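As a plain string of letters, each chain reads:
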Amino acid sequence: MKVEGEHLFKAPREVVYEMFNDPDALGAAVPGMQKMIKLDESHYEAVLGIRVGPVSANFSGNLSLTDEVPPESVTLVIEGKGGAGFVKGVGYVKFEDLGDETTLLKYTGEANIGGTLASVGQRMIDSVAKSMFKTVFEKLDKILEERWQKN
Amino acid sequence: MTGKYFGNPIKRLEDKQLLTGNAKYIDDIEVPGQLHAAFLRSDFAHARILKIDVSEALKRPGVVAVYTAEDFGDFWKPGPLQVPPPTAIPGSKFNARTLVPIAKDKIRYSGEVLAVVIAESRYIAEDAFDDIIVDVESLPAVVDLEKAWEDSSVLVHDDLPSNMAALVTQEVGNYEEAKKKADVVVARRMLIEHVAGAAMENRGFLASWDDQNQVMTIWANTQSPLTVRGSVSRALGLAESQVHVITPAIGGGFGPKVMTSLTDDVLLPWISKQLKRPIKWVEDRRENFLATTSERDQVHHCEIALKKDGTILGFKDVFYHNTGAYDSYGMTVPLNTQTHIISNYRVPNFYTQIRMVFTNQMVVTPVRGAGRSEGVFAMERMLDFAAKEMGLSPIEIRRKNLLRADELPLATGITGQDFVKNTLDSGDYLGNFEKCLQAIEYDKFIKETQPKAQKEGKRLGIGVVAFTEGTAVGPYEGCKVTVSTSGKVTMTTGYSSQGQAHYTVFAQIIADQLNVKVEDVKVITGDTNHFAWGAGTFASRGATLVGTAALLASQKVRAKIFSTASKALGVPEDQVELGEGSVSIKGKPDSAIPLGTLAAMANPMRGVIEPGVEPGLEATAYYGPPHGSTGCGAMGVILSIDEETCKPVLEKMVIVDDCGTMINPLIVDGQLQGGISMGIGNTLYERLVYDENGQLLTASFMDYLMPLATDMPKKLEIIHNHAESSLKLNPLGIKGVGEAGAIPPGPAIVQAIEDAFADKGVEILETNLSPSSIYGYLKKVEHK
Amino acid sequence: MKKLFPITVTVNGKVYERQVEARLLLSDFLRHDLGLLGTHVGCEHGICGACTILFDGEAVRSCLIFAVQANGHEIRTVESLGTPENLHPLQQSFTDKHALQCGFCTPGFLMTLVPFLEENPTPTEDEIREAIDGNICRCTGYEKIVEAVHDAAEKMSQKK
């Protein structure tokens, strides 16, 4: 499955980038996130509950940040597995400074999904992924609003 | 041949139990003390197993045992070749890599079993999956057939130099020479997609070891109970007499239930013996999609060489056949394809090559149609393409090349699934086709109906194709017929039953021979303690092989009735009359002895029976044909299709079929209608989709669409074109009908869809057409 | 241990009181707890219709309902229709017209059709096909099922 999209954040690039390195922010933004622990600067451990149509299950896995070029770009590598299958994905995230204290996030990526999630849920995965991205960005917007306004 | 019962539409004797919920299927069988098995299956299609940790699962209350491949020790070994490849074809290559009961070291398809959990309930057994930690190193999956064939491909079996499972070339005449002489040569690449058998009842298996008597009793919804008995006794080192396989009521077969050497029939008996407890496993629907064998999935590279007038000079078909991760079932399916490509037409030069390839997908074994559909699809489509290229009508090109009744029997020279050179025994192939054209009113459709619809802005299309159905292959089947002292008759056979009306049609044959009421004949199928010889239920062979054996056995019993009665009545045999349920001296009804009494006399409790005489009114008979038979027919379809939605609606369908003599026309029609619905489903709705990682994306009826009542043709006409069977292969003149209906819908429907869009020049090169794929074809020609 | 819930369910006129797990499917409850094996399970996800039963008179899929949800309700299964000696008219038409082969899906068809024919005693062919569009049969191609329903409708309305 390929994913692609963009989102406009109303904050300077450094602030947005910093937020993406904050497990508390990410953990709060991702729906169904039950646990997110920072192992070191670029590795996280997470437990995520996912519901795709008739399939709902917990996935536990790792999130790594590689090829970090602060505050321009980062590559996310995700590996998770659970009772309903597995997800492996790579996401390439770019932060474009638009100059007016706004940042355009662009992402492309590919996810490899297996097990029950694929064999029973594939029809719904695209739309679930889309709605998940939408929720994440909405929540991040709120978090950002709070943080940016505080500063 | 017509009797009191034979040839008549007798109502089924088995229905009442089925209709009232009294029939027992595999999941209805409960043995005291039984435990439940659940199989943890791989999420990955191709991976190396690093570690499977089951220690937490063992701690869960209610879990009795958990096994991985390691726990089976030396008992773990690859299964036998259930069907060996034919050795008769010179130069053929076959790499046997047979199914393993549970993955060890390497996972080769998504759904392969990694662990067996035994628990007090199925719910608990499945709960324990969450406790098992599976660590694997995933590998790139082999999915695309043509890429898999290349030397550069990732390997499914590391010890082989390539993914080649088999390479078989057969040729009659010389295609390349014929091509040189041809006026027209047309070449195309076509896809025949992957579909499931999808019986409404999933598979199931119950193994119960009796430690006191040292007997393994097995209930299994298998099409081949004797193969199960053989493999269990071999695997456990038991005598066959120590293994008793019983088939309960079975909720449909359609091919996949013939498969053995799977996890259930290998491991569960072993586990039952270890734990000394009965173990039951019933598959769920997702498991059925993932791990029960399926079929089709071929890529054909065809060439047809013709004279200007449309006469076929030669045909070439090199096709890739997906065997999945293992090839235990040999080459039945692609050999069926090879025999069926040319089995309707005069093809003097034919070159065909099977490229059977291993992939990271579930194993392919026969599903109703079983390679025949693919062969017929390839030929029928090529004729359509050639006709278009040459400006001929699809009807003209078929008329020119279809075999006529006086050309049969005809040896095609191609070796088939029974390892014997194929002979087309009888039938009027051209006559079937002409009858079909009349019934579908072809001329009227072309001249009036279609143009009229066109003026009204409606798109109608017509398709008419011919087909054959290779049936009734050997080696043999048998049965035993016994008259009881009650006068009731029992027939036992090793053949198992999945809804084909065996309990009625075999009884019809016997009832006529013994002059008893049909409801007084009890048929027992698929119980190895009752009858211990036979091959299995497949290839439309029940009516022919078991039916003929029933005839032969009941004829022997009939002879015994006359000889016993002659002695009892004190008259010569020609003075004995066999009335309904009794024997008497001709013209002296008072002398009547009930058949039951005669049966008691044939088995005296005191006195002597003459040397050489077997006691009882009982006989056993076997029947095996010299080669398979070939049913034949034609199908016409008229459909309408909306250009916006691309949803085809089947307005009318006609099938002309020659299945030889019919024991019961009601049952024959049911077989044809069921087969046709499967053919329609295969063409317009069903499709097993694997993604590039070998993940099956259609493992539920939400994504694997089954044909429904509203998807059937508005009118379906069945024409039997076999008033007098010309088949001399067997005494009853039966060919077989189980798969006929499933074969022609594909090419007929596709031809009709092309016809509906004839003005746009749409050319369809695959089966399994969803509205969106038809829409895709339309867009493709519009962009040209 | 898992928590058990007491339920009281009337099945085919008989009242059953049982303790069940919350997750127990009604289909499994009927089959394995009550031993009413005529209700068959074909897909466990509500598509095939083999497990259709009457829930307070309405045809529903018993694999999509938990046993606890049936608490206080009235259920009818195929066992409530006829017996082998005395078939329900619809069952009689099914055998007369050869509307079943393997028989696995048949109880689901019957339980779908019983309320349908009560509501619509003289259905057209299209209406019959619509009515059974949620039940899958792999054997018959539905032709003879449609014939059987016509036949049953005719006979049942004559009786009235």
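Treat the numbers as computed from the prediction; the structure is a model and nothing was measured.

Focus: the overall build of chain A
Okay, so step 1: Helix and strand content of chain A: 4 helices and 7 strands.
Okay, so step 2: In chain A, the order of α-helices and β-strands from amino to carboxyl end is β-α-α-β-β-β-β-β-β-α-α.
Okay, so step 3: A compact globule built from 151 residues would reach a C-alpha radius of gyration of about 15 Å, and chain A, at 15 Å, matches this within 12%.
Okay, so step 4: Overall, the C-alpha framework of chain A stretches about 45 × 30 × 25 Å when taken along its three principal axes.
Okay, so step 5: Looking at chain A as a whole, 48% of its 151 residues qualify as buried.
Okay, so step 6: Contacts in chain A between residues far apart in sequence, at least 24 positions, make up 50% of those at least 6 positions apart.
Okay, so step 7: Entry remark: accessible area of chain A is about 8100 Å², with carbon and sulfur atoms responsible for 52%.
Okay, so step 8: In chain A, 17 side chains carry a positive charge and 23 a negative one; their mean positions are 9 Å apart.

Side note on the sheet that holds strand β1 (residues 2–9) of chain A
Strands in a sheet are paired, the pairing made by backbone hydrogen bonds, and the direction either parallel or antiparallel.
All names here are of chain A.
Okay, so step 1: Spatially, 7 strands are ordered β1-β7-β6-β5-β4-β3-β2 in an open sheet, and the strand pairing comes out antiparallel. Edge positions in the sheet fall to β1 and β2 (33–40), since each of these pairs with one other strand and no more. Each adjacent strand pair in this sheet contributes to an overall mean axis angle of 25°, direction not counted.
Okay, so step 2: Direction of pairing for β2 relative to strand β3 (residues 43–52): antiparallel, over a ladder of 6 bridges. Of the residues in β3, the one forming a bridge with Asp40 is His43.

Some words on helix α1 (residues 26–33) of chain C
Residues and elements named next belong to chain C.
Okay, so step 1: For α1, the tally of buried residues reaches 6 of 8 residues, placing the bulk of the element in the interior.
Okay, so step 2: Within the span of α1, buried status applies to Leu26, Ser27, Asp28, Phe29, Leu30 and Arg31.
Okay, so step 3: Two residues or fewer after α1 comes Gly35, characterised by a positive phi angle close to 75°.

Comments concerning the interface of chain B and chain C
Okay, so step 1: Chain B puts 58 residues into the contact, and the matching count from chain C is 50 residues.
Okay, so step 2: The contact between chain B and chain C buries some 4400 Å² in all, and 57% of this surface belongs to carbon and sulfur atoms.
Okay, so step 3: Per-residue buried area on chain B facing chain C is highest for B:Leu19, B:Tyr123 and B:Met200; these three make up 18% of the total on that side.
Okay, so step 4: Here chain B is connected to chain C by 5 salt bridges.
Okay, so step 5: At 10 residues, helix α17 (residues 665–684) of chain B tops the list of elements feeding residues into the side of chain B that touches chain C.
Okay, so step 6: Of the residues in the side of chain B that touches chain C, the class split is 23 nonpolar, 18 polar and 17 charged.

Digging into the sheet that holds strand β26 (residues 618–623) of chain B
Residue and element names in this part refer to chain B.
Okay, so step 1: Spatial ordering of the open sheet is given by β22-β21-β20-β26, a layout of 4 strands whose pairing is mixed. In this open sheet, the two edge strands, each paired with only one partner strand, are β22 (521–525) and β26. Ignoring strand direction, the axes of neighbouring strands in this sheet form an average angle of 15°.
Okay, so step 2: With 5 bridges connecting them, strand β21 (residues 489–493) and β22 associate as parallel partners. Bridge pairing links Met491 to Val523 in β22.
Okay, so step 3: Along the sheet, helix α14 (residues 502–514) contacts β20 (477–483), β21 and β22; its crossing angle with β22, the most-contacted strand, is approximately 135°.

What about the packing of aromatic side chains?
Okay, so step 1: Applying the stated rule across the entire model yields 21 aromatic pairs over all chains.
Okay, so step 2: With 3.9 Å between their ring centres and 5° between their planes, A:Phe86 and B:Phe44 make a pair best called stacked. Here the residue A:Phe86 occupies a position in strand β6 (residues 85–97), and B:Phe44 occupies one in the loop between β1 (35–41) and β2 (47–53), the pair thus bridging two chains. No difference in accessibility class separates A:Phe86 from B:Phe44, as the two residues are buried.
Okay, so step 3: Seen in terms of ring centroids, B:Phe315 and B:Phe350 are 6.4 Å apart; in terms of plane orientation they differ by 50°. Their pairing is tilted. Placement of the pair is B:Phe315 in strand β15 (residues 312–324) and B:Phe350 in strand β16 (residues 349–358), with a sequence separation of 35 residues. Side by side, B:Phe315 and B:Phe350 carry an identical accessibility label, which is buried.
Okay, so step 4: Three or more aromatic residues joined by ring pairs form one cluster here, namely A:Phe9, A:Tyr17, A:Phe20, A:Phe95, A:Tyr107, A:Phe133 and A:Phe137.
Okay, so step 5: B:Arg541 extends its terminal NZ or CZ atom over the ring of B:Phe538, reaching a point 4.4 Å from the ring centre.

Brief notes about helix α2 (residues 89–96) of chain C
Okay, so step 1: The buried fraction of α2(C) amounts to 6 of the 8 residues, a majority that puts the element mostly inside the structure.
Okay, so step 2: All of the buried residues along α2(C) are C:Leu90, C:Gln91, C:Ser93, C:Phe94, C:Thr95 and C:Asp96.
Okay, so step 3: Contacts from the buried residues of α2(C) go to α1 (15–19) of chain B together with α3 (106–119) and α5 (143–159) of chain C.
Okay, so step 4: Looking one or two residues beyond α2(C), the residue adopting positive phi is C:His98, at roughly 55°.

Thoughts on the state of the cysteines
Residue and element names in this part refer to chain C.
Okay, so step 1: Under the defined criterion, the tally for this structure stands at 0 disulfides over all chains.
Okay, so step 2: Cysteine Cys63 shares no disulfide, and the gap to the nearest cysteine sulfur, in Cys51, comes to 3.8 Å.
Okay, so step 3: Judged by relative accessible area, which is 6%, Cys63 ranks as buried.

Observations regarding a negative patch on the surface
Okay, so step 1: Together, C:Asp56, C:Glu58, C:Glu74, C:Glu118 and C:Glu119 give the surface a local cluster of negative charge.
Okay, so step 2: Along the polypeptide, C:Glu119 turns up in helix α3.

Description of the environment of B:Leu578
Residues and elements named next belong to chain B.
Okay, so step 1: Checked against the element boundaries, Leu578 lands in strand β23 (residues 576–579).
Okay, so step 2: The buried category is assigned to Leu578, whose relative accessible area is 11%.
Okay, so step 3: Apart from the residues within four sequence positions on either side, Leu578 is in contact with Gln513, Leu514, Asn515, Arg558, Ile561, Phe562, Val583 and Leu595.

Section: the domain arrangement of chain C
All names here are of chain C.
Okay, so step 1: Parsing chain C into structural domains produces domain 1 (4–80) and domain 2 (89–159).
Okay, so step 2: Summarising the inter-unit geometry, the C-alpha centres of domain 1 and domain 2 are found 22 Å apart.
Okay, so step 3: Taking both sides of the interface into account, the surface hidden between domain 1 and domain 2 amounts to around 1100 Å²; carbon and sulfur atoms contribute 63%.
Okay, so step 4: Of all residues in domain 1, His40, Thr52 and Val78 give up the largest surface area on contact with domain 2, accounting jointly for 37% of the area buried on that side.
Okay, so step 5: Here domain 1 is connected to domain 2 by 0 salt bridges.
Okay, so step 6: Joining domain 1 to domain 2, the criterion identifies 4 residue pairs in polar contact (both at pLDDT 80 or more).
Okay, so step 7: Going through the elements one at a time, β3 (52–55) and β4 (58–61) are the ones with two or more residues in the side of domain 1 that touches domain 2.
Okay, so step 8: It is β3 that contributes the most residues to the side of domain 1 that touches domain 2, 3 residues altogether.
Okay, so step 9: The residue inventory of the side of domain 1 that touches domain 2, partitioned by class, reads 8 nonpolar, 8 polar and 2 charged.

Thresholds, definitions, all that
Residue numbers here run from 1 along each chain, matching the order of that chain's written sequence. Working convention: letters from A go to chains and numbers from 1 go to ligands, in the order in which they are written. The predicted nature of this model means local features are confined to residues of pLDDT at least 70 and side-chain atom pairs, given and counted, to a pLDDT of 80 or more, with totals for whole chains, interfaces and linings taken over all residues. Hydrogens and water are ignored here; the side-chain numbers use all heavy atoms of the structure. The helix and strand labels rest on DSSP assignments: H or I over at least four residues marks a helix, E over at least two residues marks a strand, and numbering proceeds from the N terminus. In this description the radius of gyration comes from C-alpha coordinates, and the expected globular size is given by 2.2 Å times residues to the power 0.38. The rule is simple: take the accessible area with a 1.4 Å probe, protein chains only, and divide by the maximum for that residue type; under 20% is buried, over 50% is exposed, in between is partly exposed. It only takes one pair of heavy atoms within 4.5 Å for two residues to be counted as in contact. All accessible-area figures derive from a Shrake-Rupley calculation using a 1.4 Å probe, and residue coverage is judged against the displayed protein chains alone. Positive charges are assigned to Lys and Arg, negative charges to Asp and Glu, while His and the chain termini are left out of the count. The atoms used to mark charge sites are NZ of Lys, CZ of Arg, CG of Asp and CD of Glu. Should DSSP find at least two bridges between two strands, the strands are taken to pair. Only the contacting stretch of a helix is used when fitting its axis, a line to C-alpha atoms as for every element, and angles between N-to-C directions run 0 to 180 degrees. In short, buried area is how much 1.4 Å probe accessible area vanishes from two parts on joining, totalled over both. Think of a salt bridge as a Lys or Arg side-chain nitrogen and an Asp or Glu carboxyl oxygen that are within 4 Å of each other. Asp, Glu, Lys and Arg are counted as charged, while Ala, Val, Leu, Ile, Met, Phe, Trp, Tyr, Cys and Pro are counted as nonpolar; the rest, among them Gly, fall into the polar class. Classification of ring pairs uses Phe, Tyr and Trp, with its six-membered ring standing for Trp, and accepts pairs whose centres are within 6.5 Å; under 30 degrees between planes counts as stacked, over 60 as edge-to-face, and the remaining range as tilted. By definition, being over a ring means that NZ of Lys or CZ of Arg is both within 6 Å of the ring centre and within 35 degrees of the ring normal. Pairs of cysteine sulfur atoms within 2.5 Å are what we label disulfides. Patch membership needs two things, relative accessible area over 30% and no salt bridge, and members are linked within 9 Å if like-charged or within 5 Å if nonpolar (Val, Leu, Ile, Met, Phe, Trp, Tyr). Where each domain begins and ends is defined by an automated method or by a domain database. Pairing of N or O atoms within 3.5 Å defines a polar contact, subject to two protein rules: one partner must be a possible hydrogen donor and the other a possible acceptor, and residues neighboring in sequence count only if both atoms are side-chain atoms.

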